[in-house]
Amino acid sequence: MKGPLALSIGWRFYRARQSNSFISFISFASTAGIALGVAVLIVVLSAMNGFERELEQRFLGVVPQADIVGVDAPISDWQNVVKDAEQIEGIRGAAPFIRLQGLVQKPGGFQGLSVVGIELEEEMKVSALSQFMSDESWQSLGQDANNIVLGKSLLNKLGLKLGDTVALYVQDSDPDAAGSLRAAKSHRFVVSGIYSLGGELELTTAYIPMRYASQILNMHSGVTGVRISVDKVFEAPAKVRELGYAQKQSVYISDWTRTQGHLYQDIQLVRTVMYLVLVLVIGVACFNIVSTLVMAVRDKASEIAILMTMGLSRLAVMGIFMVQGALNGLLGCGLGGIIGISMALNLSDIASAIERLFSIELLSADVYFVDFLPSELHGSDAALVIAMAFMMSLIATLYPAWKASQIAPAQALAGR
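The text that follows walks through the structure, step by step, so that each part is easy to find. (Residues numbered from 1 in each chain as written. Predicted model: local features only at pLDDT ≥ 70, side-chain atom pairs only at ≥ 80, totals over all residues. Heavy atoms only, no water.)

**Brief notes about the pattern of salt bridges**
Condition: Only one rule defines a salt bridge in this text: a Lys or Arg side-chain nitrogen within 4 Å of an Asp or Glu carboxyl oxygen. Here a helix means four or more residues in a row that DSSP labels H or I, a strand means two or more in a row labelled E, and each is numbered from the N terminus. The buried label applies to any residue whose accessible area, calculated with a 1.4 Å probe on protein chains only, is under 20% of its type's maximum; exposed applies above 50%, and partly exposed to all values in between.
Under the definition given, this model contains 6 salt bridges. The salt bridge partner of Glu54 is Arg53, with a shortest N-O separation of 3.0 Å. For the salt bridge of Arg227 with Glu123, the shortest nitrogen-to-oxygen distance reads 2.9 Å. Of the two residues, Arg227 sits in strand 8 (residues 225-230) while Glu123 sits in helix 4 (residues 120-123), which places them 104 residues apart along the sequence. In terms of burial, Arg227 and Glu123 fall into one category: buried.

**So, the nonpolar core**
For soluble globular proteins, the rule of thumb is that nonpolar side chains tend to be buried together. Put simply, the rule reads: We call a set of buried residues a nonpolar core when its members are Ala, Val, Leu, Ile, Met, Phe, Trp, Tyr or Cys and they connect through side-chain atoms within 4.5 Å of each other. The contact criterion used is simple: two residues touch if any of their non-hydrogen atoms lie within 4.5 Å.
Counting 109 residues, the largest nonpolar core has Ile228 and Phe321 as the members making the most contacts within it. With near-sequence residues (within four places) excluded, Ile228 lies in contact with Gln65, Ala66, Ala85, Ile91, Gly93, Ala94, Val126, Lys239, Val240 and Leu243.

**A look at the layout of surface pockets**
Filter applied, for reference: Note on definitions: the grid is 1 Å and covers protein atoms alone; a cavity is a set of points where a 1.4 Å probe fits but cannot get out; a pocket is an open set with protein on both sides within 12 Å along at least five of seven lines; lining residues have an atom within 4 Å of a point. Grid points are joined across faces, edges and corners, and a volume is the space filled by probe spheres set on the points. Residue polarity is assigned by list, with Asp, Glu, Lys and Arg as charged and Ala, Val, Leu, Ile, Met, Phe, Trp, Tyr, Cys and Pro as nonpolar; anything else, Gly included, falls into the polar class.
Its boundaries defined by the atoms lining it, the largest pocket holds a volume of some 840 Å³. Contributing to the lining of the largest pocket are 37 residues, with Phe59, Val63, Leu201, Gln260 and Leu263 lying nearest its centre. When residues of the lining of the largest pocket are assigned to their parent elements, the largest contribution, 5 residues, is made by helix 11 (residues 261-299). For the lining of the largest pocket, the per-class residue count stands at 20 nonpolar, 10 polar and 7 charged.

**Overview of a nonpolar patch on the surface**
Quick reminder of the rule: Patch members must show over 30% relative accessible area and no salt bridge, and they are joined within 9 Å when carrying like charges or within 5 Å when they are nonpolar side chains of Val, Leu, Ile, Met, Phe, Trp or Tyr. Using a 1.4 Å probe, the Shrake-Rupley method yields the accessible areas, and only the shown protein chains count as cover for residues.
On the surface, Ile354, Leu357, Phe358, Ile360 and Leu362 cluster together to form a nonpolar patch covering roughly 490 Å² of accessible area. You can see Ile360 is positioned in the loop between helix 14 (347-358) and helix 15 (379-395).

**Details of the pairing of strand 3 (residues 109-118)**
Here is the rule we go by: Only strands joined by at least two bridges in the DSSP assignment are considered to pair.
The element strand 3 is extensively covered by neighbouring structure, given that 7 of its 10 residues are classed as buried. Of the pairings in the sheet, the one linking strand 2 (residues 91-106) to strand 3 comprises 10 bridges and is antiparallel in character. Residue Arg99 lies in a different strand from strand 3, and its bridge partner there is Val116. Bridge count between strand 3 and strand 7 (residues 205-209): 5 bridges; the pairing is parallel. Each residue of the ladder has a partner; that of Val115, found in strand 7, is Ala206.

**Side note on the environment of Ala184**
Residue placement: Ala184 occurs in strand 6 (residues 181-195). The class for Ala184 is exposed, based on a relative accessible area of 52%. Separated by 87 residues in the primary sequence, Ala184 and Arg271 place their C-alpha atoms 46 Å from one another.

**Focus: the packing of helix 13 (residues 314-345) against helix 16 (residues 398-405)**
Packed helices, taken two at a time, are described by the angle between their axes plus the distance between the axes. The test is simple: Only the contacting stretch of a helix is used when fitting its axis, a line to C-alpha atoms as for every element, and angles between N-to-C directions run 0 to 180 degrees. By the definition adopted for this analysis, an angle is roughly parallel if under 35 degrees, roughly antiparallel if over 145, roughly perpendicular if from 65 to 115, and oblique otherwise. The handedness criterion is simple: a crossing whose near helix is rotated anticlockwise from the far helix by less than a right angle is left-handed, and one whose near helix is rotated clockwise is right-handed.
One can describe the packing of helix 13 onto helix 16 by two numbers: an axis separation of 8 Å at closest approach and a directional angle of 140°. In terms of their interaxial angle, helix 13 and helix 16 are classed as oblique. Our pair here, helix 13 against helix 16, has a crossing hand that is right-handed. Residues Arg314, Val317, Met318, Phe321 and Met322 of helix 13 form the contact with helix 16, whose participating residues are Leu398, Ala401, Trp402, Ala404 and Ser405. Taken together, the residues of the contact of helix 13 with helix 16 break down into 8 nonpolar, 1 polar and 1 charged.

**Considering the side chain of Asp255**
Quick note on the threshold: Charge convention: Lys and Arg are scored as positive, Asp and Glu as negative, and His as well as the terminal groups of each chain are ignored.
Locating Asp255 in the fold gives a position in strand 9 (residues 251-255). We note that Asp255 is buried and unpaired, the nearest opposite charge coming from Arg258 at a distance of 4.0 Å. Setting aside anything within four residues of it in sequence, one finds Asp255 in contact with Gln65, Ala66, Ala236, Pro237 and Val240.

**Examining the environment of Met388**
By secondary structure assignment, the location of Met388 is in helix 15. C-alpha separation for the pair Met388 and Arg258, spaced 130 residues apart in sequence, amounts to 35 Å.

**Focus on helix 15**
Quick reminder of the rule: What a helix should span is 1.5 Å times the count of its residues minus one. This arc is built from the directions going out from the helix axis to the C-beta atoms.
A rise of 1.5 Å per residue sets the reference length of helix 15, with its 17 residues, at 24 Å; its end C-alpha atoms lie 24 Å apart and thus fit the reference within 8%. Within helix 15, burial applies to Asp381, Ala382, Val385, Met388, Ala389 and Ser393. The buried residues of helix 15 occupy an angular sector of 135° when projected down its axis, which confines them to one face. Facing away from the buried surface of helix 15 by more than 90 degrees, the exposed residues are Gly379, Ser380 and Ile395. If you follow the buried residues of helix 15, they end up packed against helix 2 (21-59), helix 11 and helix 13.

Shape is all these values report; function is a separate question.
In structure tokens, the structure reads:
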């Protein structure tokens with residue numbers, strides 16, 4: 001009966017100490033600190049999960065997850081490369097592309113632009129680009145015409161609209177003299193569509209029909225390279241190496257961890273730093289439990305002495321005060337878990353409401369690859385945070401509970 005007795009007395013002491021306003025305030029502060037730390041940590045982890053999801057599904061759905069590019073010459077037998085890719089387990093699809101670098105004129109000067117020529121049927125196997133533009137814009141890339149689809153940010157920066165003409169200056173190589181270059185040649189394109197993805201990509205990348213890009217570079221049936229998409233994005237480096245090593249032609253091998261890996265590393269860095277900071281916040285709140293229990297021990301010294309003279313063991317005395325601290329931690333973890341989970345499930349809506357209310361922009365599409373605050377709640381994250389906070393609060397009770405068990409009944413009753 002020692003367990004139930006310690007639990008019963010601990011609950012009575014926990015309720016009785018609310019009559020002491022100072023101890024009650026310290027107890028409230030520790031509970032509120034634990035709740036705040038748990039709630040914020042759940043929200044931050046959910047936001048980081050959301051950024052990872054958007055990085056994988058949104059950003060890496062448009063930029064190449066991996067690609068191989070011809071070293072000395074275009075890849076002429078790209079159909080065979082695609083067939084080789086289809087034989088490798090884990091590669092979802094492969095598609096050819098032609099890339100050319102150029103300059104577009106903007107107010108005050110020129111801006112570099114990477115123009116990618118794509119083949120619609122093949123591109124749909126590896127890219128989610130069509131999801132970020134209208135059907136009309138997407139279909140315009142299937143025509144053998146001088147159509148170009150620009151990012152929304154670049155279109156606004158250049159002051160253009162659909163149907164306008166834009167000049168692209170491309171350095172024209174001389175096929176008759178290796179290494180020599182002609183002057184930049186101007187090619188005019190009609191803005192046939194707009195894509196909206198967010199981030200730097202909108203400012204630096206445009207898309208044109210692959211057949212027209214081939215005419216500009218005189219590639220005939222060749223392509224710059226072949227891009228692939230994989231089932232698991234972190235397997236992209238291994239899969240593209242396997243594909244590249246199988247080619248007879250010399251090729252450059254690249255994957256998203258080299259070109260865009262800094263985004264993922266930034267997310268992981270922020271996750272780690274915030275996790276450490278908020279764990280320390282929870283730890284500080286748990287130290288308040290120590291203060292609360294130390295004062296409770298001094299306040300209840302005579303009652304403890306009486307219980308010990310009646311035969312209550314020192315272990316049971318420890319249990320009484322551990323129950324009090326555990327109740328604080330349990331209440332804080334419960335409230336923090338409810339608040340954190342509720343906010344994490346509605347984080348995007350909450351952020352949008354704040355933007356409308358204060359007329360501010362939390363995430364700028366010109367800077368980040370998303371223009372909203374994403375969130376994805378993982379039950380394992382919430383369970384880990386709550387369990388960790390509760391264990392920390394339980395550990396914080398050990399010293400005060402041990403001190404309570406060391407009270408000498410005679411001295412405590414003599415000083416009453």
